[in-house]
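If you want the building blocks of each chain, they are given just below.
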Amino acid sequence: MNKQLDKISKFLSYILRHQPETIGITLDSDGWINIDNLIMQANQHGKPLTRKLIEQVVKTNDKKRFTISDDGLKIRAAQGHSTQQVKISYIEQMPPEILYHGTATRFIDSIKKQGLVAGSRHYVHLSGDEKTAKKVGERHGKPVVLKVNTLQMYQQGFKFYLADNGVWLTNAVPNTFLIFD
Ligand code: HQG
């Protein structure tokens, strides 16, 4: 992704996941915002956003962070929200036997005690493969990948959701389901 698109992707993440109010927009409870409205408000706040740029970001984004609605009118972030405006009704899914969580070594002591907690986001994020999890962990420091006994959790009544972009979500992971090796 080129630099300009990368900057716009970061801006869209900020607006569509965390702080829509900074450009005076309100997301609906499923996270959607009308694209024309988003462009208008962004422009009014000095951000040179266009439909073409948005489409390029959505298409080239390495993690498919954003989804455009089937009718082409709306956009939302697939996951990663912290804003209270949004409560996406994800469809529950049976997870695979194991999923991975990438984190940093400096968090391990606390995770051993508390398990995984969502923090400021709405969910704990889990990856389907170790390579992706390692990249997620690298954002926070020296990466470490934990295995999560997700099928066991599911069989005990924990709920799992699969976001539009393949990221798995769950409310929290008690430490008894974590494998530290
Ligand atoms: C850690 C990216 C101490 C947790 C990624 C993580 C993902 C604890 C950090 C998405 C803890 C939260 C989310 C505990 C969890 N004690 N630390 N009990 N429980 N943590 O950024 O999962 O690039 O909110 O391990 O790809 O890193 O933004 O979550 O290290 O999908 O599209 O607390 O963000 O996507 O950090 O990443 P984050 P995350 P984007």
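Residues numbered from 1 in each chain as written. Predicted model: local features only at pLDDT ≥ 70, side-chain atom pairs only at ≥ 80, totals over all residues.

Colleague: Before we move on, can you summarise the sheet that holds strand β3 (residues 74-77) with the specific residues and values?
Modeller: With antiparallel pairing, the three strands of this open sheet are ordered in space as β1-β3-β2. Edge positions in the open sheet fall to β1 (33-34) and β2 (66-68), since each of these has one partner strand only. Running over the sheet, helix α1 (residues 3-18) touches β1, β2 and β3 and is turned about 85 degrees from β3. (Pairing = 2+ DSSP bridges. Helix = DSSP H or I, 4+ residues; strand = E, 2+ residues; numbered from the N terminus. Contact = placed C-beta atoms within 7 Å. Axes fitted to C-alpha atoms, helices over the stretch in contact; angles between N-to-C directions.)

Colleague: Any chance you could break down the pairing of strand β6 (residues 143-149) for me, citing the residues and the numbers?
Modeller: Here strand β4 (residues 98-104) runs beside β6; their pairing, made up of seven bridges, is antiparallel. Bridged to L99 within β6 is V148. Of the strand pairs in this sheet, β6 and strand β9 (residues 178-179) are connected by two bridges, and their pairing is antiparallel. Bridged to K147 within β9 is I179.

Colleague: Please provide a residue-by-residue account of the nonpolar core, values included.
Modeller: Membership of the largest hydrophobic core comes to 16 residues, with the highest contact counts inside it found for L99, Y100, L126, V145, L146, V148 and W168. Put simply, the parts of the chain that give this core at least two residues each are β4, α5 (130-138), β6 and β8 (168-170). When residues in this core are grouped by element, the largest group, four residues, is from β6. Formed by 15 residues, the second largest nonpolar core is a distinct cluster that contains L38, A42, V57 and A77. (Core = buried A, V, L, I, M, F, W, Y, C linked by C-beta atoms within 7 Å. Buried ≥ 20, exposed ≤ 12 C-beta atoms within 10 Å, placed from the backbone.)

Colleague: Give me the pairing of β3: which residues, what numbers.
Modeller: Side-chain positions along a regular strand alternate between the two faces of the sheet. Residues K74 and R76 point to one face of β3 and I75 and A77 to the other, with burial holding for every one of them. Bridge analysis of β1 against β3 gives two bridges, and the strand direction is antiparallel. By the bridge assignment, N34 is partnered in β3 with K74. Alignment of β2 against β3, held across three bridges, turns out to be antiparallel. Bridge pairing in β3 places I68 opposite I75. Linking β2 to β3, which pair antiparallel, is a turn of five residues; within it G72 sits at a positive phi near 75 degrees.

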